[in-house]
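# Results of the structural survey
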Amino acid sequence: MHHLYKWNVLLLIIGFTLYLTACGTKTIPYSQNADALEPNEVAVAHYNWGMQSAQNGNFAQAITELELAIQNEPGWVMPFFTLGVVYGNQGQLDRAIRAWERATQLDVNFAKAHYNLAVAYSQKEENARSIASLREAIRIDKAALATAKADPAFEHIRNTAEFQALEHAAEDKQPQD
């Protein structure tokens, strides 16, 4: 039963991330990268169809369209990020992780991709990887720490020395009054 609860929490979190990706307020920015090139029109069209399919709950079509966007523009980070969200909603955590890992390779400052990796690794109980990904998200955007402190996905690691070290490191970097 506990395992089922964890998956439901993960799907809720990833689904909420998809909602934020599509139209909501963004507490953690996608990226600090201002040098990203504009993708070609074909890739954008497939990406938009993929987003629309995902919003309509047609995940198989969303995956197809996002993969076509990637084929047409393999250096564009957003299809990889969104593909990770869709795979996560399908319960395909390993595929989601691969997509988000690729997103962070294409854009090392993609805070949401690092954060989603931290959540996914936490759900897989790969705590060291979860902490490492969360550390990167916090490095890029300090707001990621506040989000992580309240995120149920990190409940089982919140009291670990590694998680607390992230908190202390962030506090040490705060400007002194």
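So, here's what we can say about the structure.

A few words now on the packing of aromatic side chains. Applying the stated criterion to the full structure yields 4 aromatic pairs. Look at Tyr-115 and Phe-154: their rings are 5.7 Å apart centre to centre, the planes differ by 80°, and that puts the pair in the edge-to-face class. Here the residue Tyr-115 occupies a position in helix α6 (residues 111–123), and Phe-154 occupies one in the loop between α8 (143–150) and α9 (161–172), the gap between them amounting to 39 residues. Just as Tyr-115 is buried, Phe-154 falls in that class too. Here the aromatic cluster, defined as three or more aromatic residues joined through ring pairs, consists of Tyr-115, Phe-154 and Phe-163.

For the rest of this paragraph, the subject is the side chain of Ser-122. Assignment of secondary structure puts Ser-122 in helix α6. Among the residues examined, Ser-122 registers a relative accessible area of 1% and is labelled buried. Ignoring any residue separated from it by four or fewer positions in sequence, one finds Ser-122 in contact with Ser-130, Ala-153, Phe-154, His-156 and Ile-157.

This brings us to α6. In this model α6 runs 18 Å from its N-terminal to its C-terminal C-alpha over 13 residues, within 8% of the 18 Å that 1.5 Å per residue would give. Taken across its 13 residues, α6 has 13 buried, putting it largely inside the fold. The first or second residue beyond α6 is Glu-125, which carries a positive phi of 60°.

This part takes up the pattern of salt bridges. Summed over all chains, the structure comprises 5 salt bridges. Residue Asp-94 is joined to Lys-124 by a salt bridge in which the shortest nitrogen-to-oxygen separation is 2.3 Å. Here Asp-94 is found in helix α5 (residues 93–106), whereas its partner Lys-124 is found in the loop between α6 and α7 (127–140), with 30 residues between them in sequence. Take Asp-94: its relative accessible area is 41%, and that puts it in the partly exposed class. Given a relative accessible area of 30%, Lys-124 falls into the partly exposed group. A salt bridge links Glu-126 to Lys-124; the nearest nitrogen and oxygen atoms lie 3.9 Å apart. When its relative accessible area of 26% is taken as the criterion, Glu-126 is described as partly exposed. Three or more residues are tied together by salt bridges with common partners; here these are Asp-94, Lys-124, Glu-126 and Arg-129.

What follows deals with the environment of Ala-165. Tracing the sequence through the fold places Ala-165 in helix α9. In this structure Ala-165 comes out as partly exposed when scored by relative accessible area, which is 42%. For the pair formed by Ala-165 and Arg-135, sequence separation is 30 residues and the distance between their alpha carbons is 9.8 Å.

Each value, and the rule that gives it
Residues numbered from 1 in each chain as written. Predicted model: local features only at pLDDT ≥ 70, side-chain atom pairs only at ≥ 80, totals over all residues. Heavy atoms only, no water. Phe/Tyr/Trp six-rings, centres within 6.5 Å; stacked < 30°, edge-to-face > 60°. Helix = DSSP H or I, 4+ residues; strand = E, 2+ residues; numbered from the N terminus. Buried < 20%, exposed > 50% of the residue type's maximum accessible area, 1.4 Å probe, protein only. Contact = heavy atoms within 4.5 Å. Expected span 1.5 Å × (residues − 1). Salt bridge = Lys/Arg side-chain N within 4 Å of Asp/Glu carboxyl O.

By themselves, these figures tell us nothing about what the structure is for.
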